[in-house]
Amino acid sequence: MSPRRLVLWRHGETDYNAAGRMQGHLDSALTPVGWNQARFAVPALARFSPDLVIASDLSRATDTATVLTEAIGVPLRVDKRLRETHLGEWQGLTGDEVDAAYPGERDKWRVDATWAPPGGESRVDVAERATEVVTDLEQSAADEGETVFLASHGGLIIALTARLMGLPVPAWPALGGIANCHWVELAKRDGNWRLYAYNAGITG
């Protein structure tokens, strides 16, 4: 049976998030706040009864996923195709530093999903590799279960959601950001993925 529900879960707060720096493929660490965000989300996420969790190989996503899998006893798989967008020359910089060195380019990046930072990936590129993970699940001979979690990153989650919903690429920037440890819920109905929750999470 291929999965009928996907929950795309963003990692908890990192030291780079707290400092306002762009991460991309840099392997930043969860802060104490980030670890607590993951722990606090467990009861809500456990209600989905996930059968499998697949995490990005970047430690902020893998560590977040491990909090859930160890708490509820479900398998964890790691897949580098779920990494965040490679931000090329922008990685490690603050937004202000990017704007000073590359005037106007963040504005292009925000409104055009086909545009990539220098040396990096576009959101379309990210969606392509992330969709491969979903396709592999759908085509697997093994029973992966009814509900699969993908523990990943904000940029990837937005791009994958847009792709699975079949949104026209020019409309992708209309999707808002995903907060730390928040999630997107998609379920398959009549052969198509449908959106049931976006940027859902626990506050407090």
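Coordinates for the structure precede this section.
Below is a summary of the structure that appears in this document. Predicted, not measured: the structure shown is a model, and the values here were computed from it.

Conventions and cut-offs
- Residues numbered from 1 in each chain as written.
- Predicted model: local features only at pLDDT ≥ 70, side-chain atom pairs only at ≥ 80, totals over all residues.
- Heavy atoms only, no water.
- Buried < 20%, exposed > 50% of the residue type's maximum accessible area, 1.4 Å probe, protein only.
- Helix = DSSP H or I, 4+ residues; strand = E, 2+ residues; numbered from the N terminus.
- Pairing = 2+ DSSP bridges.
- Contact = heavy atoms within 4.5 Å.
- Phe/Tyr/Trp six-rings, centres within 6.5 Å; stacked < 30°, edge-to-face > 60°.
- Salt bridge = Lys/Arg side-chain N within 4 Å of Asp/Glu carboxyl O.
- Axes fitted to C-alpha atoms, helices over the stretch in contact; angles between N-to-C directions.
- Parallel < 35°, antiparallel > 145°, perpendicular 65-115°, else oblique.
- Nonpolar A, V, L, I, M, F, W, Y, C, P; charged D, E, K, R; others polar.
- Expected span 1.5 Å × (residues − 1).
- Bend = angle between axes of the 7 residues up to and from the residue.

## Digging into the pairing of strand β5 (residues 183–189)
1) Next: Judged by how many residues are buried, β5 sits mostly within the fold: 5 of 7 residues are covered.
2) Next: Bridge count between strand β1 (residues 5–10) and β5: 5 bridges; the pairing is antiparallel. In the sheet register, Trp9 faces β5, and the bridge partner there is Trp183.
3) Next: Hairpin connection between β5 and strand β6 (residues 192–200): a loop of 2 residues separates the two successive antiparallel strands, and Asp190 in this loop has a positive phi of roughly 55°.

## As for the environment of Met22
1) Next: Positionally, Met22 belongs in the loop between α1 (15–19) and α2 (32–46).
2) Next: Residue class for Met22 comes out buried when judged on its relative accessible area of 11%.
3) Next: Each C-alpha atom, one on Met22 and one on Gly104, is 16 Å from the other, the two residues being 82 residues apart in sequence.
4) Next: With near-sequence residues (within four places) excluded, Met22 lies in contact with Tyr16, Leu87, Trp90, Gln91, Gly92, Leu93, Val98 and Trp109.

## Topic: the packing of aromatic side chains
1) Next: Taken as a whole and assessed by the stated rule, the structure comprises 4 aromatic pairs.
2) Next: Both rings, one in Trp90 and one in Tyr102, keep their centres 6.3 Å apart while their planes meet at 55°; by these two values the pair is tilted. With a gap of 12 residues between them, Trp90 in the loop between β3 (76–78) and α4 (95–101) and Tyr102 in the loop between α4 and α5 (105–111) connect regions that are remote in the sequence.
3) Next: Looking at Trp90, the relative accessible area reads 0%, which means it is buried.
4) Next: A centroid spacing of 6.0 Å and a plane angle of 35° characterise the contact between Trp90 and Trp115, whose relative ring orientation is tilted. Of this pair, Trp90 sits in the loop between β3 and α4 while Trp115 sits in the loop between α5 and α6 (123–139), and the two are 25 residues apart along the sequence.

## Some points on the pattern of salt bridges
1) Next: Considering all chains together, one arrives at 12 salt bridges under this definition.
2) Next: Across the pair Glu97 and Arg21 runs a salt bridge whose closest N-O atoms are separated by 3.0 Å. Placement of Glu97 in helix α4 and of Arg21 in the loop between α1 and α2 is noted, with a sequence separation of 76 residues between them.
3) Next: Judged by its relative accessible area of 33%, Glu97 falls in the partly exposed class.
4) Next: Here Arg106 ties to Asp99 by a salt bridge, and the two come within 2.9 Å at their closest N and O atoms.
5) Next: Taken together, the shared-partner salt bridges in this structure form one network comprising Asp79, Arg81, Glu132 and Asp136.

## A short note on the packing of α6 against helix α7 (residues 154–164)
1) Next: Running from N to C, α6 and α7 point in directions that differ by 70°, and their axes come no closer than 8 Å. By the angle class used here, α6 and α7 are roughly perpendicular. Two secondary-structure elements touch here, α6 through Arg123, Val124, Val126, Ala127, Glu128, Arg129, Ala130, Thr131 and Val134 and α7 through Leu156, Ala159, Leu160, Arg163 and Leu164.
2) Next: Considering only residue class, the contact of α6 with α7 consists of 9 nonpolar, 1 polar and 4 charged.

## Let's talk about α2
1) Next: Here α2 is 15 residues long and its end C-alpha atoms lie 22 Å apart, about the 21 Å a rise of 1.5 Å per residue gives.
2) Next: Remark: the principal bend of α2, roughly 30°, maps to Phe40, with a proline, Pro43, within the next four residues.
3) Next: All buried positions along α2 are accounted for by Gly34, Ala38, Ala41, Val42, Ala44 and Leu45.

## Thoughts on the sheet that holds strand β2 (residues 52–55)
Strands in a sheet are paired, the pairing made by backbone hydrogen bonds, and the direction either parallel or antiparallel.
1) Next: Read from one edge to the other, the open sheet built from 6 strands follows the order β3-β2-β4-β1-β5-β6, with strand pairing classed as mixed. On the outer flanks of this sheet lie β3 and β6, each paired with one strand and no other. Strand-to-strand twist of the sheet, defined as the mean angle between neighbouring strand axes without regard to direction, takes the value 20°.
2) Next: Here 4 bridges tie β2 to strand β4 (residues 147–152), and the two strands are oriented parallel to one another. Its bridge partner being in β4, Val53 is matched across the sheet by Phe149.
3) Next: Strands in contact with α7 are β1, β4, β5 and β6; relative to β1, the strand with the most contacts, it is inclined by about 155°.

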